[in-house]
Amino acid sequence: MITGSLIESFLICERQAWLMAHQITPDQDHPYLELGRLIDEESFTDEKKKISLENMIIDLIKTENKTLILGEIKKSSKVQEIAKIQLAFYLYSLKNNYGIKADGLLIFPKEKRRVRVVLDKELEEKIEDTIKRIEILIYKGKPPLPQKIPYCKLCAYREFCWS
Ligand code: SF4
C-alpha cells in the first residue's frame, strides 16, 4: 500500500523508498529518527490529535471556518516541497477514498512557521504521477543502487548503504 511515508521517502531517495516498501527496517537508534520522535511528542500538545487512517498518519486535525484542516508537523522547511506533496497525498486520499474535502497545513515548530496546502488540479496530477512511479519502483526485484546525496548523512539506512 502506498503511504505518506513512502511518498516522502520516494521523493528524497528511490532506494530508501524501495527498502521501506520491502520492510527492510532502518537503524531504530539513529539520532535523526530520535529527533523526529521528540518533535512529534513535544510539539503543539494543546491542539494535537494524532489519528491514523489506513495509509496515513495525521499529526493534527481541526476545523477553521467550517473547513477541515489536516496538519503535518515537520522538522525543517528545507524539504518543504516534499512535505507539501506528502500532505497533498493525504488530502487526495481523503477526497478519493472517503469523499472528504480538506485543506492542509504544514507546521514547522522550530521555525514557528505554518504553510497552507490546497489540493488543486495540478497537485492532484502530481500525486497520481508520483503514485504510478512508486508502484513501478516497488515491483522491481532489487533496489536502485545507492547514490550519494546530501540526505545520506541523515538517513537511517546510511550504514546499510555505505558500510
Ligand atoms: S543512505 Fe543515501 S542512498 Fe541509502 S537509502 Fe539513504 S538516502 Fe538513499
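Residues numbered from 1 in each chain as written. Predicted model: local features only at pLDDT ≥ 70, side-chain atom pairs only at ≥ 80, totals over all residues. Heavy atoms only, no water.

- The name recorded for the chain in an unreviewed UniProt entry is CRISPR-associated exonuclease Cas4, from Dictyoglomus thermophilum.
- Under the UniProt heading Sequence similarities (unreviewed entry), the note attached to the chain is "Belongs to the CRISPR-associated exonuclease Cas4 family." (UniProt positions renumbered as here; feature names shortened; annotations may be inferred.)

A few points about the site of the ligand
So, step 1. Neighbouring the ligand are the residues C13, Q16, P146, Q147, I149, Y151, C152, C155, Y157, R158, C161 and W162.
So, step 2. Element by element, the count of residues in the shell around the ligand is highest for helix α6 (residues 158–162), at three residues.
So, step 3. When the residues that make up the shell around the ligand are grouped by side-chain class, the tally is nine nonpolar, two polar and one charged. (Near = heavy atom within 4 Å. Helix = DSSP H or I, 4+ residues; strand = E, 2+ residues; numbered from the N terminus. Nonpolar A, V, L, I, M, F, W, Y, C, P; charged D, E, K, R; others polar.)

Some words on the sheet that holds strand β6 (residues 113–117)
So, step 1. The four strands lie next to each other as β3-β4-β5-β6, forming an open sheet whose pairing is mixed. Each having just a single partner strand, β3 (60–64) and β6 make up the two edges of the open sheet. In this sheet, adjacent strand axes meet at a mean angle of 30 degrees when their direction is disregarded.
So, step 2. Relative to strand β5 (residues 103–108), helix α4 (residues 80–98) is tilted by about 145 degrees, and along the sheet it contacts β4 (67–73), β5 and β6. (Pairing = 2+ DSSP bridges. Axes fitted to C-alpha atoms, helices over the stretch in contact; angles between N-to-C directions. Contact = heavy atoms within 4.5 Å.)

Section: the side chain of K74
So, step 1. Topologically, K74 is positioned in the loop between β4 and α4.
So, step 2. In this structure the side chain of K74 is engaged in a polar contact, spanning 3.5 Å, whose partner is the side chain of E72.
So, step 3. The residues touching K74, leaving out its near neighbours within four places in the chain, are E8, A83, Q86, I107, F108 and P109. (Polar contact = N/O pair within 3.5 Å; in protein donor to acceptor, adjacent residues only side chain to side chain.)

Regarding the nonpolar core
So, step 1. Within the largest apolar cluster, 38 residues are counted, with the highest numbers of intra-cluster contacts made by I2 and L70.
So, step 2. The set of elements that each furnish at least two residues to this core consists of α1 (4–12), α2 (14–21), β2 (56–58), α4, β5, β6 and α5 (121–138).
So, step 3. Considering every element that reaches this core, the biggest residue donor is α4, with ten residues.
So, step 4. Ignoring sequence-local partners within four residues, the contact set of L70 consists of I58, L60, I61, L87, Y90, L91, L94, A102, D103, G104 and L105.
So, step 5. In terms of nonpolar packing, the next biggest core, distinct from the first, is built from five residues, L60, I69, L105 and I107 among them. (Core = buried A, V, L, I, M, F, W, Y, C linked by side-chain atoms within 4.5 Å. Buried < 20%, exposed > 50% of the residue type's maximum accessible area, 1.4 Å probe, protein only.)

Focus on the pairing of β6
So, step 1. Judged from the five bridges that link them, β5 and β6 form a sheet pairing that is antiparallel. In the sheet register, L105 faces β6, and the bridge partner there is R116.
So, step 2. Once β5 ends, the chain turns through four residues before running back antiparallel as β6, passing K112 with a positive phi of about 50 degrees.

Things to note about the pattern of salt bridges
So, step 1. Within this structure, the stated rule accounts for nine salt bridges.
So, step 2. Across the salt bridge formed by E72 and K74, the nearest N and O atoms sit 3.5 Å from each other. Judged on exposure class, the residue E72 and its partner K74 are both buried.
So, step 3. Linked by salt bridges that have partners in common, K62, E64, D103 and R116 make up one network. (Salt bridge = Lys/Arg side-chain N within 4 Å of Asp/Glu carboxyl O.)

Considering the packing of α4 against α5
So, step 1. Remark: α4 packs on α5, axes separated minimally by 9 Å, with the N-to-C direction vectors making an angle of 95 degrees. Here α4 is positioned roughly perpendicular relative to α5, judged by the angle of their axes. On α5, the residues that touch E81, K84, I85, A88, F89, Y92 and K95 of α4 are L123, E124, K126, I127, E128 and I131.
So, step 2. Classifying every residue of the contact of α4 with α5 gives seven nonpolar, no polar and six charged. (Parallel < 35°, antiparallel > 145°, perpendicular 65-115°, else oblique.)

A few points about the confidence of the model for the chain
So, step 1. On average, residues of the chain carry a pLDDT of 86, and 82% of them reach 70 or more.
So, step 2. Per-residue pLDDT, averaged within each element of the chain, yields its smallest value for helix α3 (residues 31–42) (54) and its largest for α5 (97). (pLDDT = per-residue confidence, 0-100.)

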